[in-house]
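What follows is the residue order along each chain.
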Amino acid sequence: MTQYSESRKQAHYSRLFRRFIFLTMICSLVPLLFAGWAINIHYSRFARERTMNTLCTRVDYHRKIIELFLKENRDRLDFIARTHSKSSLVEEGQLTQILENVNRDSWILTDIGIIDDTGEHLAYVGPFDLIDKNYSETIWFGEVMEKGIYTSDMFMGFRKVPHFVMAVARHENGRCWILRATVNTDRFRSLVENIRLGKTGDIYLVNSQGLYQTSLGSGGEMMTPAPGFDGIAHPHSKPECYETTGRGGDQRIVCETWLEDPRWLLVASQGKAELFKEVRYANRASLVYLHLSALIILIVTILITRHMVSVIKKRDLEVECMNLQLMHAGKMASIGELSAGVAHEINNPLAIIMTERQLLLDTEQRARITDEVFRKQFEDSLNQINIQARRCKHITRSLLRFARRTRSDIETVDVNQFIKEVIDLMEREAKSDGIKFVALLEATLPSILSDPSQLQQVFLNIINNAIEAHEEKACGVITITTASAKDQSGIVVTVEDTGTGIQNSDMGKIFDPFFTTKPPGRGTGLGLSICYSIVKQLGGLIHVESEAGKGAAFILELPLTPPEERVKKG
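Sequence positions are assigned chain by chain, starting from 1 and proceeding in written order. Totals for whole chains, interfaces and linings use all residues, but because this is a predicted model, local features are given only for residues with pLDDT of at least 70 and pairs of side-chain atoms are given and counted only at 80 or more. As a rule here, side-chain values come from all non-hydrogen atoms in the structure, and water together with hydrogens is ignored.

Draft legend 1. Structural view of the overall build of the protein chain. Put simply, DSSP H or I for four residues or longer makes a helix, DSSP E for two residues or longer makes a strand, and each gets a number counted from the N terminus. Helix and strand counts for the protein chain come out as 12 helices and 16 strands. Under the scheme applied here, a residue whose accessible area is under 20% of the maximum for its type counts as buried, over 50% as exposed, and between as partly exposed, the area being computed with a 1.4 Å probe on protein chains only. Taking all 570 residues of the protein chain together, the buried fraction comes to 37%. Contacts are assigned to residue pairs that have any heavy atoms within 4.5 Å of one another. Considering only contacts within the protein chain whose residues lie at least 6 apart along the sequence, 61% involve residues at least 24 apart. For accessible areas, the Shrake-Rupley method is used with a probe of radius 1.4 Å. Any residue's cover is judged against the shown protein chains and nothing else. Total accessible area computed for the protein chain in this model is approximately 33,900 Å², and 57% of it derives from carbon and sulfur atoms.

Structural data, given as structure tokens:
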């Protein structure tokens, strides 16, 4: 029979093992794989959008750099024209000095010249022979005469090489003259192309007619038409990204934005495969980690399930032992009930003792004892009987009163009387440890509506902690003070001891569950946590003031009436 029972148990544990494995796989692996794939898809979309936004941000930032470069040089020309007269500029060596000053840090301008309102050069400094050229028929000449300041597109001009100019017109003595400068093309190209877009990246400028203003590495000469250009200059400069097919059939991501002045289109293009290379790598890595995690979960599940089954076996054995202990616990519960009954029954013989004492007193009054010494001993003995009987009656009454306070209910509580009862109950234990109670109770303290059973637990816990705080001291004092709150909305109860106090490092943790400074086996760390929860539920506050080595004071602030939800609860 025993072998059959053992065989059934082993079969039961085997089925339990397989069931745990199956349920764990269903509850963990399926959601993990589903969530992992969903997160991977979401991350891919997010990473792609973030990469595109990063590209847009870089292009927009580069646009601002180019615009700043152009504006700085226009402002420089404008400043020169405003601070110099035409006559001073055409003096010999003046333009040479200005050009040298402008190009001192870097070669920005190729040449500079002064042109009158007929298009003739009045002065010129530069590497080209342009002093006898007339510009009255050029596009830029008409534009600067009309607008006052102008930056041209790239053009060939008299020098037969691609370049662009900046010009500023000024009026002096009723005549107009122009300060014109040519921006160094190589310097400008290096500025435009000074952004790294990987091995497949290109960045270039296109004017409003769709002509390249700078050349690009993958093909496309300066001032040749750019393919796919729509010719529409958008009023805003916000970068726009889109996907297109390159000349070699490869997929490319293009980001473009318009400059303010001149209206050139800044275009950044990069191969899609290169741009999203890190995103694809992260996707592959996440999928590898996802499936690796699933494998680890499977292995850990098998190990944990094996451990759980072994624990269940152990618990089954413990249950059999617990059944025996429960029988013993039942006996102890019966003894507890018997003790409560004994407390009731003790009152009956106490009453008889008090009655017999009274009879002896009456007898002594009728028949006086002549021996004075014996009569004095007789009266002292009867008085002692009275004192001890009343003390026994008081003790049993206190035990019964506290035993009856098990039901959670809101009722009127006289806190002063309540504290006196707690002191009476714990005073004997405190005296045995050399601890004295001092009660400073306000005579006019108002009664409150509260839960006496829960208040009993709070005061017992706090006073018991105060007694234990004197373990390292030969004697001590526990002072309990009651007073009305300053705003008359409640009462304040202070339990102050002269024990060892609380360390500063522990002050913020004393009300945390399971926190205790007592040695293992001496406390659970739940006492003050429960007190905190009870006082908070009753609408009050509890806090502590302490100095290590000089004792602690627990201050309870209790309202006259508990919160409405607590009253409804019970």
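Resuming the write-up.
Draft legend 2. Just the sheet that holds strand 15 (residues 541-546), in detail. Criterion used throughout: strands pair if DSSP finds at least two bridges between them. With mixed pairing, five strands are arranged side by side in an open sheet as 11-13-14-16-15. Either end of the sheet is taken by a strand with one partner, and the two such strands are strand 11 (435-440) and strand 15. Each adjacent strand pair in this sheet contributes to an overall mean axis angle of 15°, direction not counted. Pairing of strand 13 (residues 476-484) with strand 14 (residues 490-497) involves seven bridges; the strand directions are antiparallel. What counts as an axis is a line fitted to C-alpha atoms, over the stretch in contact for a helix, and the angles between N-to-C directions run from 0 to 180 degrees.

Draft legend 3. Structural detail: the packing of helix 9 (residues 415-432) against helix 10 (residues 452-468). Two numbers describe how helix 9 lies on helix 10: the axes approach to 11 Å, and their chain directions differ by 35°. The handedness of the crossing between helix 9 and helix 10 comes out as right-handed. Between helix 9 and helix 10, the contacting residues are Phe418, Val422, Met426, Glu429 and Ala430 on the first element and Pro452, Leu455, Gln456, Phe459, Leu460, Ile463, Asn464 and Ile467 on the second. In terms of residue class, the contact of helix 9 with helix 10 is made up of 10 nonpolar, two polar and one charged. In this scheme the crossing of two helices becomes right-handed for a clockwise turn of the near helix relative to the far one and left-handed for an anticlockwise turn of less than a right angle. Three categories are distinguished: nonpolar for Ala, Val, Leu, Ile, Met, Phe, Trp, Tyr, Cys and Pro, charged for Asp, Glu, Lys and Arg, and polar for the others, with Gly belonging to the last.

Draft legend 4. Structural view of the sheet that holds strand 7 (residues 240-245). Taken together, the four strands give an open sheet; going across it, the order is 6-9-8-7, and neighbouring strands pair in antiparallel fashion. The open sheet has two edge strands, strand 6 (202-206) and strand 7, and neither has a second partner. Going across the sheet, the axis of each strand differs from the next one's by a mean of 25°, ignoring polarity.

Draft legend 5. How the structure looks around helix 11 (residues 527-537). Every buried residue of helix 11 is accounted for by Leu528, Ser529, Cys531, Ile534 and Val535. If you follow the buried residues of helix 11, they end up packed against helix 10, strand 15 and strand 16 (552-559). Phi turns positive, to about 85°, at Gly539, one or two residues after helix 11.

Draft legend 6. Local environment of the side chain of Glu256. Structurally, Glu256 is set in strand 8 (residues 251-258). Charge assignment in this entry is limited to Lys and Arg as positive and Asp and Glu as negative, and neither His nor the chain termini are counted. Take a side-chain nitrogen of Lys or Arg and a carboxyl oxygen of Asp or Glu: if they are within 4 Å of each other, that pair is a salt bridge. It turns out Glu256 is buried and unbridged, and the closest side chain with the opposite charge, Arg263, is 11 Å from it. In terms of polar contacts, Glu256 uses its side chain to reach the side chain of Tyr242, at 3.3 Å. Beyond its immediate sequence surroundings of up to four residues, Glu256 is in contact with Lys238, Pro239, Glu240, Tyr242, Leu265, Leu266 and Val267. Here a polar contact means two N or O atoms within 3.5 Å. Within protein one must be a hydrogen donor candidate and the other an acceptor candidate, and residues neighboring in sequence count only if both atoms are side-chain atoms.

Draft legend 7. View of the packing of helix 10 against helix 11. At a minimum axis distance of 9 Å, the contact between helix 10 and helix 11 shows a crossing angle of 145°. In this structure, helix 10 crosses over helix 11, and the sense of that crossing is left-handed. When helix 10 is examined against helix 11, the residues Gln454, Gln457, Val458, Asn461, Ile462 and Asn465 are found in contact with a partner set consisting of Gly527, Leu528, Ile530, Cys531, Ile534, Val535 and Gln537. Of the residues assigned to the contact of helix 10 with helix 11, the class counts are seven nonpolar, six polar and no charged.

Draft legend 8. Molecular detail of a nonpolar patch on the surface. On the surface, a nonpolar cluster with roughly 1,000 Å² of combined accessible area is contributed by Val288, Tyr289, Leu292, Leu295, Ile296, Leu298, Ile299, Val300, Ile302, Leu303, Ile304 and Met308. With relative accessibility at 30%, the residue Ile302 sits in the partly exposed group. Patches were defined on residues exceeding 30% relative accessible area and lacking a salt bridge, with like-charge contacts within 9 Å and nonpolar side-chain contacts (Val, Leu, Ile, Met, Phe, Trp, Tyr) within 5 Å.

Draft legend 9. Region of the structure containing unusual backbone geometry. Residue Pro262 is bonded to the preceding Asp261 through a cis peptide linkage, with omega at 0°. In this structure, Pro262 sits in the loop between strand 8 and strand 9 (265-271). Despite not being glycine, Asn173 has its phi angle at roughly 60°, a positive value.

Draft legend 10. Structural detail: the environment of Ile463. Tracing the sequence through the fold places Ile463 in helix 10. For the pair Ile463 and Glu496, spaced 33 residues apart in sequence, the C-alpha to C-alpha distance is 9.1 Å. Beyond its immediate chain neighbours, meaning those up to four positions away, Ile463 contacts Val422, Met426, Phe437, Ile478, Ile480 and Val495.

Draft legend 11. A look at the nonpolar core. By nonpolar core is meant a set of buried Ala, Val, Leu, Ile, Met, Phe, Trp, Tyr and Cys residues that side-chain atoms within 4.5 Å join together. Ranked by size, the top nonpolar core spans 46 residues in total, and within it Leu70, Ile112, Phe164, Leu179, Phe188 and Leu266 carry the most contacts. Dropping the residues within four chain positions of it, Phe164 is found in contact with Leu70, Thr151, Ser152, Asp153, Met154, Phe155, Ala181, Thr182, Val183, Phe188 and Trp264.

Draft legend 12. Seen up close, the environment of Val183. Tracing the chain through its elements places Val183 in strand 5 (residues 175-183). For the pair Val183 and Leu70, spaced 113 residues apart in sequence, the C-alpha to C-alpha distance is 9.2 Å. Apart from residues lying up to four places away in sequence, Val183 is in contact with Phe69, Ile108, Leu109, Thr110, Phe164, Met166 and Phe188.

Draft legend 13. Molecular detail of the pattern of salt bridges. Counted under the stated rule, the structure contains 15 salt bridges. Glu547 is paired through a salt bridge with Lys550; the nearest N and O atoms lie 3.6 Å apart. When salt bridges that share partners are traced, they join Asp60, Arg63, Lys64 and Glu67 into one network.

Draft legend 14. Spatial organisation of the packing of aromatic side chains. Note on aromatic pairs: the rings of Phe, Tyr and Trp (six-membered ring only in Trp) are paired at centre separations within 6.5 Å, and the planes decide the class, stacked below 30 degrees, edge-to-face beyond 60, tilted for the rest. Counted by the stated rule, this structure contains nine aromatic pairs. Ring centres 6.0 Å apart and planes at 35° place the aromatic pair Phe69 and Phe188 in the tilted group. Placement of Phe69 in helix 1 (residues 2-83) and of Phe188 in helix 5 (residues 185-192) is noted, with a sequence separation of 119 residues between them. We note that Phe69, like Phe188, is buried. A cation over an aromatic ring shows up here: Arg48 above the ring of Phe276, its NZ or CZ 4.7 Å from the ring centre. The ring of Tyr135 is capped by Arg180, whose NZ or CZ atom sits 4.9 Å from the centre of that ring. Geometrically, a lysine NZ or arginine CZ counts as sitting over a ring once it is within 6 Å of the ring centre and also within 35 degrees of the ring normal.

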